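# A structural walkthrough
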Amino acid sequence: VADPPASERAAVETPPPPRIGPDGPEPPDVEDLVAYGNRHRDSFGGLYIDPPGGSSVVMLFTRELETHQRAVNDLLPGTRVRQVRFTESELRALQEELSQSLFGQEGIELLTVSVDTVGNQVEVALKSDDPTLELKLEAAHGGMLDASVFPFPGPWANAESGDGWRLSGEKLWISNAP
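The structure reproduced in this document is the subject of the present report. Values in this document were obtained by computation on a predicted structure and should not be read as measured data.

Now for the pairing of strand β3 (residues 44–50). Examined bridge by bridge, β3 and strand β4 (residues 56–61) share 6 bridges and lie antiparallel to one another. Along β4, the bridge assignment pairs Phe-44 with Phe-61. Counted along the chain from β3 to the antiparallel partner β4, the turn is 5 residues long, and its residue Gly-53 has a positive phi close to 85 degrees.

On to helix α4 (residues 88–102). Counting along an α-helix, one turn takes 3.6 residues, and residues three or four places apart therefore face a common direction. The end-to-end C-alpha distance of α4 is 21 Å, a good match for the 21 Å that 15 residues give at a rise of 1.5 Å each. Regarding α4, the residues found buried are Leu-91, Leu-94, Gln-95, Leu-98 and Leu-102. The arc enclosing the buried residues of α4, seen along the axis, measures out at 105 degrees, which places them on a common side. Those residues of α4 hidden inside the fold are in contact with β6 (108–116), β7 (121–128) and β8 (145–150). Backbone geometry just downstream of α4 places Gly-104 in the positive-phi region, at approximately 80 degrees.

To continue, consider unusual backbone geometry. Residue Pro-51 is reached from Asp-50 by a cis peptide bond, and omega for that bond is -5 degrees. Assignment of secondary structure puts Pro-51 in the loop between β3 and β4. One non-glycine residue with positive phi stands out, namely Glu-64, at about 55 degrees. Within the element layout of this structure, Glu-64 appears in the loop between β4 and α3 (65–75). One non-glycine residue, Asn-120, lies in positive phi territory at about 55 degrees. With respect to the secondary-structure elements, Asn-120 resides in the loop between β6 and β7.

Note that Phe-61 resides in strand β4. Sequence separation between Phe-61 and Phe-86 is 25 residues; the distance between their C-alpha atoms is 8.2 Å. Discounting residues that sit within four places of it in the chain, Phe-61 has contacts with Tyr-36, Ser-43, Phe-44, Gly-45, His-68, Val-81, Arg-82, Gln-83 and Val-84.

Our next topic: the sheet that holds β8. Reading across the sheet, the 3 strands line up as β6-β7-β8 and stay open at both edges, with mixed pairing between neighbours. Each of the sheet's edge strands pairs with one partner strand only, and the pair in question is β6 and β8. Each strand axis lies, on average, 15 degrees off the axis of its neighbour in the sheet, ignoring direction. Bridge count between β7 and β8: 6 bridges; the pairing is parallel. Following the sheet pairing, Lys-127 is matched in β8 by Phe-150.

Calculation notes
- Residues numbered from 1 in each chain as written.
- Predicted model: local features only at pLDDT ≥ 70, side-chain atom pairs only at ≥ 80, totals over all residues.
- Heavy atoms only, no water.
- Pairing = 2+ DSSP bridges.
- Helix = DSSP H or I, 4+ residues; strand = E, 2+ residues; numbered from the N terminus.
- Expected span 1.5 Å × (residues − 1).
- Buried < 20%, exposed > 50% of the residue type's maximum accessible area, 1.4 Å probe, protein only.
- Arc of directions from axis to C-beta.
- Contact = heavy atoms within 4.5 Å.
- Axes fitted to C-alpha atoms, helices over the stretch in contact; angles between N-to-C directions.

Now the structure itself:
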């Protein structure tokens, strides 16, 4: 059997053009990439499309970047790989732990707990009159957590010394000074 002409071979080997929807290029189908990530949970940090609404996929891994780069490019050519510190499983476990431990806790009003895939962190937002809680939470989780703590409305006292909030006139800031 003779090989097909070069023009026919090129048509088979050329990827299809990007799909264009009413709002621009449609995002790529990432189902196979998600399945690959799930098979490598011990090093998979998540994936995202960059820029949002675009068509470029970025996959995150904690190690073996070259191996993963080759594998994901076989699944979806052009996929980029970036190294991160934490796996998605670790981040989701912390998200669940914080959701359970902070919800309903005396003196805390939990607002949100979410995973920031691009930043490779868990984000928590809550209200508390403890001006040191933000620093305590972040220190307890070694770079895995970005906490935002807001005071409850109403009267409250400035921290006299050490870490915490300082209110001066209309401005609020956090200080590490004694």
